[in-house]
Amino acid sequence: MQLFYNPDIDEATASFSFDKEESKHIIKVLRKKDGDILFVTNGKGYLFKCEIILASDNKCTVQINSFEKKETAKFHLHLAVAPTKMNDRYEWFLEKATEIGIQEITPIICDRSERKVINKERFDKIILSALKQSNEFYLPKLNEAVTFKEFMNQKNNGTLFIAHCEETDKKTLKSVLKSNEDITLLIGPEGDFSVKEIALALENNFIPVSLGNTRLRTETAAVVACHSVVFFNEE
């Protein structure tokens, strides 16, 4: 199934038109015509079965024939991950986390972060592309980048974890996970969190965890954490 995206439709929508770029792709590249069926999600859990009623490469118009809604996950996974020095590594994480089934992502700027600015518009496009490729119906929320201290000062939901590389008393993530539990988990930059940041996280009730016996890159750690939580919650 090839999946398309329109954030503005819902169960009350009878018909709609794609923008010019998407219309050209549908008609010129995919060679769709009147009467052909398209599947569209709004990123809020809905899958719409649509029929083309005007096969125009400027304004492809469809009518919605039916729809269904996928159940929401029984847990909410929020990963706060420091941007990597090389953008393509962070983009890989965003893509894979979306495919696996994450709900929320926040880039956090840390003491040892080598990259302190992100291109949110590009990151949003990476996430949307991964959503359509993997036939997911819930679009993960990508927050604006914040500093570590700002993240500590905001309200963070669920059980709070910080994965770091310091040789301290830590439990493995898999040993502390519980089913259907909301989770916020911190992943640091290439140089890891600073001692001061770890101490601040512990003061704010974050539980230190290990993601395994090997030292992982930031993006690898984030994907491992995401998969561990989703896999643990699979029925």
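The structure this text deals with has already been given above.
Anyway, here's the lowdown on the structure attached to this text. In this numbering scheme, every chain counts its residues from 1 along its sequence in written order. Only residues with pLDDT of at least 70 get local features here, since the model is predicted, and only at 80 or more are side-chain atom pairs given and counted; chain-wide, interface and lining totals rely on the full set of residues. As a convention, hydrogens and water are excluded, and side-chain values are obtained from all of the structure's heavy atoms.

## Some thoughts on the overall build of the protein
Working step 1: Each helix is a run of H or I in the DSSP string that is no shorter than four residues. Each strand is a run of E no shorter than two, and both are numbered from the N terminus. Summing up its helical and strand segments, the protein has 7 helices and 13 strands in all.
Working step 2: With respect to the three principal axes, the spread of C-alpha positions in the protein is 65 × 35 × 30 Å.
Working step 3: Working definition: with a 1.4 Å probe on protein chains only, accessible area under 20% of the residue-type maximum means buried, over 50% means exposed, and in between means partly exposed. In the protein, buried positions account for 45% of the 235 residues.
Working step 4: Considering only intrachain contacts with a sequence separation of at least 6, the fraction spanning at least 24 residues in the protein is 74%.
Working step 5: Element-wise, carbon and sulfur atoms account for 47% of the exposed surface of the protein, whose accessible area totals about 12,600 Å². Here, residues are in contact when the closest pair of their heavy atoms is within 4.5 Å. Residue-level accessible areas treat just the shown protein chains as cover; the underlying method is Shrake-Rupley with a 1.4 Å probe.

## Brief notes about the pairing of strand β13 (residues 207-210)
Working step 1: Here strand β10 (residues 159-163) pairs with β13 via 3 bridges, running parallel. When the bridges of β13 are listed, A163 appears paired with V209.
Working step 2: Pairs of strands are assigned from DSSP output, requiring at least two bridges between the strands. Both strand β11 (residues 171-172) and β13 contribute to a ladder of 2 bridges, which runs parallel. Each bridged residue has a counterpart across the sheet, and for T172 the counterpart in β13 is S210.

## A word on the side chain of T13
Working step 1: Checked against the element boundaries, T13 lands in the loop between β1 (3-5) and β2 (15-17).
Working step 2: Residue classification places T13 among the buried positions, given a relative accessible area of 19%.

## As for the sheet that holds β1
Working step 1: Read across the open sheet, the 5 strands follow the order β1-β3-β4-β5-β2; overall the sheet is mixed. Among the strands making up the open sheet, the edge pair consists of β1 and β2. Direction aside, neighbouring strands of the sheet carry axes that sit 45° apart on average.
Working step 2: Helix axes are fitted only over the stretch in contact, all axes being lines through C-alpha atoms; the angle between N-to-C directions runs from 0 to 180 degrees. Relative to the sheet, helix α3 (residues 120-133) contacts β1 and β3 (37-41), its axis offset from that of β1 by approximately 145°.

Shape is all these values report; function is a separate question.
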